[in-house]
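# Inside the fold
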Amino acid sequence: MDRVSAFDEPLKKLLGGATAKVMADHLDLHTVGDLLHHYPRRYEERGRLTALTDLPLDEHVTVVAQVADARVLTFNGGRGKRLEVTLTDGHGRLQLVFFGHGVHKPHKDLLPGRRAMFAGKVSVFNRKMQLAHPTYQLLDAAFADDAGATEAVDAFAGKLLPIYPACKQLDSWRIAKAVDAVLPSAQDAVDPLPDALREGRGFTSLPEALLKIHRPQTKADVAAARDRLKWDEAFVLQVALARRRFADTQLPAVARRPAPDGLLDAFDAKLPFTLTDGQLKVTKEIFDDLATEHPMHRLLQGEVGSGKTMVALRAMLAVVDAGGQAAMLAPTEVLAQQHHRSITEMMGELAEGGMLGGSDQGTKVVLLTGSMGTAARRQALLDLVTGEAGIVIGTHALIEDKVKFHDLGLVVVDEQHRFGVEQRDALRSKGKQPPHLLVMTATPIPRTVAMTVFGDLETSVLDQLPAGRSPIASHVVPAKDKPHFLTRAWERVREEVENGHQGYVVCPRIGDDEDDPAKKKGKKKTAEEEATADKRPPLAVLEIAEQLAKGPLSGLRVEVLHGRMQPDDKDDVMRRFAAGEVDVLVATTVIEVGVNVPNATAMVIMDADRFGVSQLHQLRGRVGRGSAPGLCLLVTEAHEASPARARLSAVAATLDGFELSRIDLEQRREGDVLGQAQSGVRSSLRVLSVIDDEEVIAAARQEAVTVVAADPELEHLPELRTALDALLDKDREEYLEKG
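Definitions and limits used
Residues numbered from 1 in each chain as written. Predicted model: local features only at pLDDT ≥ 70, side-chain atom pairs only at ≥ 80, totals over all residues. Heavy atoms only, no water. Helix = DSSP H or I, 4+ residues; strand = E, 2+ residues; numbered from the N terminus. Buried < 20%, exposed > 50% of the residue type's maximum accessible area, 1.4 Å probe, protein only. Contact = heavy atoms within 4.5 Å. Areas by Shrake-Rupley, 256 points an atom, 1.4 Å probe, with all protein chains shown as cover. Salt bridge = Lys/Arg side-chain N within 4 Å of Asp/Glu carboxyl O. Phe/Tyr/Trp six-rings, centres within 6.5 Å; stacked < 30°, edge-to-face > 60°. Patch = residues over 30% accessible without salt bridge, like charges linked within 9 Å, V, L, I, M, F, W, Y side chains within 5 Å. Lys, Arg positive; Asp, Glu negative; His and termini not counted. Charge placed at Lys NZ, Arg CZ, Asp CG, Glu CD. Pairing = 2+ DSSP bridges. Axes fitted to C-alpha atoms, helices over the stretch in contact; angles between N-to-C directions. Nonpolar A, V, L, I, M, F, W, Y, C, P; charged D, E, K, R; others polar. Arc of directions from axis to C-beta. Left-handed = near helix turned anticlockwise from the far one by under 90°. pLDDT = per-residue confidence, 0-100.

## Some remarks on the overall build of the protein chain
Summing up its helical and strand segments, the protein chain has 28 helices and 21 strands in all. In the protein chain, which comprises 739 residues, the share counted as buried stands at 53%. The contacts of the protein chain with a sequence gap of at least 6 include a subset with a gap of at least 24, amounting to 74%. Counting only carbon and sulfur atoms, one obtains 51% of the accessible surface of the protein chain, whose full area is about 32,600 Å².

Structure (structure tokens):
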């Protein structure tokens, strides 16, 4: 078998169709190579028990523990049987529960004193942690009655037990058995690291690293294997990004330098405030890039309210001054309209070029969205193709084939992670030559993530808030433990309105039948499902708005805003809210980004534990935008000791988005972060942690730049090219190609 094809061998050839299907459907493992790169999550020592005190809720876990006691209980007048088993590790306890006909075998096997591996999903029932119907494997050879179990116990005697990321359909020890079947193919691994690099850093070979990560004899084996495999992941990814950056430097672009005494100078002269030092520094970086003859690729990230829009607008004006056009792409109509409104207000008569009362130095600023009327749309398209409009702000409607530009010089993408790569690329292809690209995100990204995900973009950071922004006080409101806190929350909203201000109430769900799982009729739940029943559906905008208008906020002007409303209705509500004609806006996360109403000072987020850290930070950034202080109340029913409450407390404790994004990253797995940022592409990181391995990522980036500068096509490094092809399957290749 040749060296490449051993890794490409489909799993069903070696493992049989049923196991291979489960691996493909539930773990996304299809080939021998996929399985060899499915590394153990951790290792247990045979004689030791797992700490049962800090198991993650709602996750599939594998634990090694000892049976403390087991008893069969009856219910339904003796017709139903339930086996309850208590496990112990000497410190904590964990309950197992088996129902119906499934109680006989475990009742026979799980006698007090026996130790075993157990796998299942952690849930809470009657305030106790439990696993319902877990699978298990006895670890005392004398009791393990089937041959496979005895063999497994013998194989791991005195060694480290690998615990694999598993699923309900396939537990860790079955995955271990499958790995045994494919492990001989590790010898065929193609080593991506150039020899000089591997020897210079003293790394073990790739086949040896794979052997050691799956079947370590000692903890030192695990450490050596992880060090090597981390480097592979960091290096191959950084080579891909370095090649992308190198290719960009080869593209031509028109240098755009603002004309003296032009539109930009006229705009700056009108500004009623001075720019912050941070804004000036970032502007210089952007203007330097715009003045070069290859396309700018820059990521502008900044705190909520740090003035990114002002920086982007000045870059757009500079390009218009230089004879080009600028397009700003926003993810939602609400945001596009909001940007258009705030930019035309900031520019005044400069946004009315060629119009009566407009300035001679001005230009036209047009809006283009999918829901515009035919006449307005036709006029906007005409203004773009003639060059009459220097600036266009729009949604993905900007990308359609009909949209033609006179000379597109700059594309500004707001909230980058909301756009597919194809959408950004389609807009960039509308320039005669590749336009400059400025990507903005209000979700602060730790440096390591920026280097790993946006490594093909230069990064500018705005971490200073403009003068006059008010502090925001944030508090967690435990609605279940202390209902009077929630009563007080509504009183606080009423007080803000009585003082002439406005408020937001945010809910996770809209609440019409379409998205309401509670309204879907299904089959009757089994006893097991009842025991592990999910919590109630998230609170909904339509229901909460009605309750508030009739109850604690009666007499106030309460309106709703959500994504399923007609665009005109959405815009009408936002306009009236901005004009102060609405006291309280009950909304979904459509208000998360860009919505700017300085008079809104209070925000209540219902079911706050259902939102991510960065989303809560984004939402909170909608208040405190004026001179009055902001208030954000995070309402939750989460238990005080739960990870969800810890997350909310972290958000309440700091307004530093970079700090929060770090906490967010520590609590979630990298795959979530990279998957989201890489436009839905599954993370390829298995052992590299973008939060802990900053030095590895930085060193790998340096090595990658050196390698690519010497050999951009990797002609002399065929193994690295092969590894790159494996990393960059078709989706990823397109992602990187389109930047």
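On we go.
## Overview of the pattern of salt bridges
Within this structure, the stated rule accounts for 39 salt bridges. Between arginine 42 and glutamate 44 there is a salt bridge whose closest N-O contact spans 2.3 Å. A residue is classified by how much of its surface remains accessible, and glutamate 44, at 8% relative accessible area, is buried. Aspartate 288 is paired through a salt bridge with lysine 284; the nearest N and O atoms lie 2.7 Å apart. Of this pair, aspartate 288 and lysine 284 both sit in helix 12 (residues 277–290), 4 residues apart, which is roughly one turn of that helix. Taken together, the shared-partner salt bridges in this structure form one network comprising Asp191, Asp195, Arg198, Arg228 and Asp232.

## Points about the packing of aromatic side chains
Within this structure, the stated rule accounts for 5 aromatic pairs. Where phenylalanine 98 meets tyrosine 136, the ring centres are 6.5 Å apart and the plane angle is 85°; that geometry is what we call edge-to-face. Taken together, the positions of phenylalanine 98 in strand 4 (residues 93–99) and tyrosine 136 in strand 7 (residues 135–138) put the pair 38 residues apart, joining distant regions of the chain. Considered together, phenylalanine 98 and tyrosine 136 belong to a single accessibility category, that of buried residues. Arranged with centres 6.3 Å apart and planes meeting at 40°, the rings of phenylalanine 118 and tyrosine 136 form a pair that is tilted. Linking phenylalanine 118 in strand 5 (residues 115–125) with tyrosine 136 in strand 7, this pair joins segments that are 18 residues apart in sequence. Through successive ring pairs, a cluster of aromatic residues spans Phe98, Phe118 and Tyr136.

## Let's talk about a negative patch on the surface
Residues Asp463, Asp656, Glu659, Glu666 and Asp692 make up a contiguous surface patch of negative charge. Tracing the chain through its elements places aspartate 463 in the loop between strand 15 (458–462) and strand 16 (472–478).

## Observations regarding the sheet that holds strand 12 (residues 389–394)
Neighbouring strands of a sheet are bound in pairs by backbone hydrogen bonds; such pairs are parallel or else antiparallel. Read across the open sheet, the 7 strands follow the order 11-12-10-13-14-9-15; overall the sheet is parallel. If you trace the sheet from one side to the other, it starts and ends with strand 11 (364–368) and strand 15, each paired once. For this sheet, the mean inter-axis angle between neighbouring strands, taken without regard to orientation, is 20°. Along the sheet, helix 12 makes contact with strand 9 (297–302), strand 13 (408–414), strand 14 (436–441) and strand 15, crossing strand 15 at roughly 160°.

## Description of the environment of serine 661
Mapped onto the elements of the fold, serine 661 is located in helix 24 (residues 657–667). Distance from serine 661 to isoleucine 445, taken between C-alpha atoms, is 6.2 Å for residues 216 residues apart in sequence. When residues no more than four places from it in sequence are discounted, the contact partners of serine 661 are Pro444, Ile445 and Pro446.

## Regarding the sheet that holds strand 18 (residues 558–561)
Spatially, the 6 strands line up as an open sheet ordered 16-21-20-17-19-18, and their pairing is parallel. Among the strands making up the open sheet, the edge pair consists of strand 16 and strand 18. Across the sheet, the mean angle from the axis of one strand to that of its neighbour is 20°, orientation sign disregarded. Both strand 17 (residues 502–506) and strand 20 (residues 600–605) contribute to a ladder of 5 bridges, which runs parallel. For glutamine 502, the partnering residue across the bridge sits in strand 20 and is alanine 600. Strands strand 16, strand 17, strand 20 and strand 21 (630–636) of the sheet are contacted by helix 22 (residues 613–620), whose axis makes an angle of about 150° with strand 20. In the packing of helix 23 (residues 643–653) onto the sheet, contacts are made with strand 16 and strand 21, and the angle to strand 16 comes to roughly 160°.

## What about the pairing of strand 8 (residues 160–163)?
The alternating pattern of strand 8 places Leu160 and Pro162 on one face and Leu161 and Ile163 on the opposite face, and all of these are buried. Alignment of strand 1 (residues 42–45) against strand 8, held across 4 bridges, turns out to be antiparallel. Paired with glutamate 44 across the two strands is leucine 161, which belongs to strand 8.

## Details of the packing of helix 11 (residues 263–270) against helix 13 (residues 308–321)
At a minimum axis distance of 8 Å, the contact between helix 11 and helix 13 shows a crossing angle of 145°. The segment helix 11 lies against helix 13, with Leu263, Leu264, Phe267 and Asp268 engaging Met310, Leu313, Arg314, Leu317, Ala318, Val320 and Asp321. Looking at the contact of helix 11 with helix 13 residue by residue, the class counts come to 8 nonpolar, no polar and 3 charged.

## Side note on the pairing of strand 2 (residues 60–75)
Inspection of the sheet shows strand 2 paired to strand 5 by 7 bridges, in the antiparallel sense. Bridging from a neighbouring strand, threonine 62 pairs with alanine 119 of strand 5. Sheet topology note: the strand 2/strand 3 (residues 80–88) ladder contains 9 bridges and is antiparallel. For aspartate 69, the partnering residue across the bridge sits in strand 3 and is threonine 86. Joining the antiparallel neighbours strand 2 and strand 3 is a turn of 4 residues, in which asparagine 76 adopts a positive phi near 55°.

## Some remarks on helix 27 (residues 718–727)
For helix 27, the full list of buried residues reads Leu720, Ala723, Leu724 and Leu727. Down the axis of helix 27, the sector holding all buried residues measures 100°, keeping them to one side.

## Quick word on the environment of leucine 96
Checked against the element boundaries, leucine 96 lands in strand 4. Classification of leucine 96 by relative accessible area gives buried; the value is 0%. Sequence separation of leucine 96 and methionine 129 is 33 residues, and the distance between their C-alpha atoms is 8.8 Å.

## Quick word on the packing of helix 12 against helix 13
The description of two packed helices rests on the angle between their axes and on the distance between the axes. Two numbers describe how helix 12 lies on helix 13: the axes approach to 10 Å, and their chain directions differ by 30°. Crossing handedness for the pair helix 12 and helix 13: right-handed. Of the residues in helix 13, those in contact with Gln279, Val282, Thr283, Ile286, Phe287 and Leu290 of helix 12 are Met310, Val311, Arg314, Ala315, Ala318 and Val319. Of the residues contributing to the contact of helix 12 with helix 13, the split by class is 9 nonpolar, 2 polar and 1 charged.

## Overview of unusual backbone geometry
Of note, the phi angle at histidine 133 is positive, near 50°, even though the residue is not glycine. With phi around 50°, aspartate 607 is a residue other than glycine that occupies positive phi space. Tracing the backbone through its elements, the reader meets aspartate 607 in the loop between strand 20 and helix 22.

## Digging into the confidence of the model for the protein chain
Residues with a pLDDT of 70 or more make up 85% of the protein chain, whose mean pLDDT is 83. The low-confidence segment residues 671–683 (pLDDT under 50) makes 28 contacts with residues lying over four places distant or belonging to another chain. Counting interchain partners and residues more than four positions distant, the pLDDT-below-50 stretch residues 733–739 has 21 contacts.

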